[in-house]
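Residue strings, one per chain:
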Amino acid sequence: MCCRVFATALCFVSVLSALLAACKDIPNPFATKSSAVAALQFQYSIHFVASGVLAKKQNLQSGAVGHVRLQAIPVEDVINVRGVVSTDVHIGVRDSVQKLSHDYTSRQNPPVYDMLTLPLRLRHLAVVRRKTIAAANTLVKEIAQLERQVLTAGKAAYPAFAKLNVVNSGDYSFEGLSKQREVAFAGKRFTTAIAAVRKEIDARAAALKQSVTYQQNSLRAAAQQDFDAHTVYSQAVAIYRAVHPNIKRDPQPLVPSFRAKGTGTSSAADVLKSAVTDIATLKQARLLLARALLRLYEPHYVSYEFDLLGHNETLSVSVTAIDKPTSAGQRQAVFSYRLSASSPKQGNFTLGQYDFDHLNRPLRLRTNLKPVGRGRIDFVLKK
């Protein structure tokens, strides 16, 4: 399963860049120059906290115990990662240079991360997340504006347009996109209710499959208008496909079915059907964006080499996004990844949490010391 998740992540940025570039109506947030992969360097203080047997065994006081300089230098088709450490605490940082791909993916087979490489990989995913949500936010605004125009045109042809099935099919609204905090769909937050979000998406999709029944004698003469909802839909497909690069063909919008009641005929029936179809297409574009965002909040699975205080063990780790601001020491983190681990020796436990600021800098890298006892090690970014 880990390999499959990593294969998806590896394709993410390149596919999204190519597809969004084809959509002229939205600026491509992933458009970068060939030399865009920049060198990174972070200076951290190392803070050690232990209690019980672990504290006695290590004979260390809680507090600052050293510092580390984390470097990531792009060289040709790889990124060289190195940590320069000054501490008496054995934290298992390798002396040799580690090599990552340009999307900060481990080049080991299968991929394995550690205290230096996993923060860089997750920082990259945080950058991708920020740009993806920004692109979705731009498109949602365009969808909302177009929906208002279609609704006005539909009411001109059919006064009860807003009450028709499909047109009145539930809540498709997003929250938190502009601030990228506590993002929600249909009133359900992705971080705290991801299963409920998925349920709402499925319910909204089912609602769009209902037949639209209208009264022929209620039709009014109205001009036919072309709102080109399919162009907007194709832009949503680009974002969706980037998150799901393995789909064989692009999703196509479902065209509503219609049932006419009453007597009389009118050319306004075509205007009505066109407006309903446009509304349905725009709502399906919203659903594609919701499904794309859902992927950003679903857990990522990685293998992690725990090498601390003389204990070495490879853990299976799930990484979950948290988009609620939190305090990271004396600074404010706007986004975090929570790490949960499992192993035959330790069972399930919280491995730690990585907190990021609005510049996508890893502010604090917290690692639980449960495999060796009660305590933690924090890398705290220096100002």
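Quantities reported herein were computed from a predicted structural model and do not represent experimental measurements.

Here's the deal with the packing of aromatic side chains
Overall, the coordinates contain seven aromatic pairs when judged by the stated rule. Relative to Tyr44, the ring of Phe42 has its centre 6.3 Å away and its plane inclined at 45°; by these criteria the two rings are tilted. Here a set of aromatic residues connected by ring pairs shows up, and it is made of Phe42, Tyr44 and Phe379.

Some points on helix 6 (residues 268–297)
For helix 6, spanning 30 residues, the distance from its first C-alpha to its last is 44 Å, which sits close to the expected 44 Å at 1.5 Å a residue. Across the 30 residues that make up helix 6, a large majority, 26, are buried.

Observations regarding the pairing of strand 2 (residues 63–75)
The pairing of strand 1 (residues 40–50) with strand 2 spans nine bridges and is classified as antiparallel. Note that in strand 2 the partner of Phe48 across the bridge is Gly63. Relative to strand 3 (residues 78–87), strand 2 runs antiparallel, the two being bridged by ten bridges. Within strand 3, the position partnered with Leu70 by the bridge is Gly83. Here strand 2 folds back onto strand 3 in antiparallel fashion, the turn holding two residues, of which Glu76 has a positive phi close to 55°.

Structural notes on the pattern of salt bridges
What the rule picks out here adds up to twelve salt bridges. One salt bridge in this structure joins Arg286 and Glu147, with 3.0 Å as the shortest N-O distance. Note that Arg286 is positioned in helix 6 and Glu147 in helix 3 (residues 117–157), a separation of 139 residues in sequence. Both residues of the pair, Arg286 and Glu147, count as buried.

Structural notes on the sheet that holds strand 1
Spatially, the ten strands line up as an open sheet ordered 4-3-2-1-17-16-15-14-11-10, and their pairing is antiparallel. Edge positions in the sheet fall to strand 4 (98–100) and strand 10 (300–308), since each of these pairs with one other strand and no more. Adjacent strand axes in the sheet meet at a mean angle of 25°, parallel and antiparallel pairs treated alike. Bridge count for strand 11 (residues 311–322) against strand 14 (residues 335–343) is seven bridges, and the pairing is antiparallel. If you follow Val317 over to strand 14, its bridge partner there is Ala341. Against the sheet, helix 3 contacts strand 1, strand 2, strand 3, strand 4, strand 10, strand 11, strand 14, strand 15 (347–356) and strand 16 (362–368), and its axis sits at roughly 135° relative to strand 14.

Points about the pairing of strand 9 (residues 258–261)
With four bridges connecting them, strand 8 (residues 212–215) and strand 9 associate as parallel partners. In the strand pairing of strand 9, Val212 is matched with Phe258. The parallel pair strand 8 and strand 9 is bridged by helix 5 (residues 229–243), and the resulting crossover is right-handed.

Details of the sheet that holds strand 7 (residues 188–189)
The strands making up a sheet associate through hydrogen bonds between their backbones, and the pairing can be parallel or antiparallel. The strand order across the open sheet formed by three strands is 5-6-7, and the pairing between neighbours is antiparallel. Across the chains shown, the open sheet's two edge strands, defined by having one partner strand only, are strand 5 (174–175) and strand 7. Sheet analysis places strand 5 next to strand 6 (residues 184–185), joined by two bridges and oriented antiparallel. Across the sheet, the residue bridging to Glu175 is Ala184, located in strand 6.

Looking at the environment of His47
Tracing the backbone shows His47 in strand 1. Residues His47 and Arg376 lie 329 residues apart in sequence; the distance between their C-alpha atoms is 8.3 Å. Excluding its chain neighbours within four sequence positions, the residues that come into contact with His47 are Gly63, Ala64, Arg376, Ile377, Asp378 and Val380.

Let's talk about the confidence of the model for the protein
Taken over all residues, the pLDDT of the protein has a mean of 87, while the share at 70 or more is 89%. This model gives residues 1–35 a pLDDT under 50, and the stretch forms 69 contacts once residues within four places in sequence are excluded.

Quick look at the packing of helix 5 against helix 6
Across the interface, helix 5 lies against helix 6 with an axial gap of 9 Å and an inter-helix angle of 15°. Here helix 6 runs roughly parallel to helix 5, going by the angle between their axes. Relative to helix 6, the crossing made by helix 5 is left-handed. Residues Ala229, His230, Val232, Tyr233, Ala236, Val237, Ile239, Tyr240 and Val243 of helix 5 form the contact with helix 6, whose participating residues are Asp278, Thr281, Leu282, Gln284, Ala285, Leu288, Leu289, Arg291, Ala292 and Arg295. Taken together, the residues that form the contact of helix 5 with helix 6 break down as 13 nonpolar, three polar and three charged.

Quick notes on the rules
Residues numbered from 1 in each chain as written. Predicted model: local features only at pLDDT ≥ 70, side-chain atom pairs only at ≥ 80, totals over all residues. Heavy atoms only, no water. Phe/Tyr/Trp six-rings, centres within 6.5 Å; stacked < 30°, edge-to-face > 60°. Helix = DSSP H or I, 4+ residues; strand = E, 2+ residues; numbered from the N terminus. Expected span 1.5 Å × (residues − 1). Buried < 20%, exposed > 50% of the residue type's maximum accessible area, 1.4 Å probe, protein only. Pairing = 2+ DSSP bridges. Salt bridge = Lys/Arg side-chain N within 4 Å of Asp/Glu carboxyl O. Axes fitted to C-alpha atoms, helices over the stretch in contact; angles between N-to-C directions. Contact = heavy atoms within 4.5 Å. Right-handed = clockwise from strand over helix to strand, strands pointing away. pLDDT = per-residue confidence, 0-100. Parallel < 35°, antiparallel > 145°, perpendicular 65-115°, else oblique. Left-handed = near helix turned anticlockwise from the far one by under 90°. Nonpolar A, V, L, I, M, F, W, Y, C, P; charged D, E, K, R; others polar.

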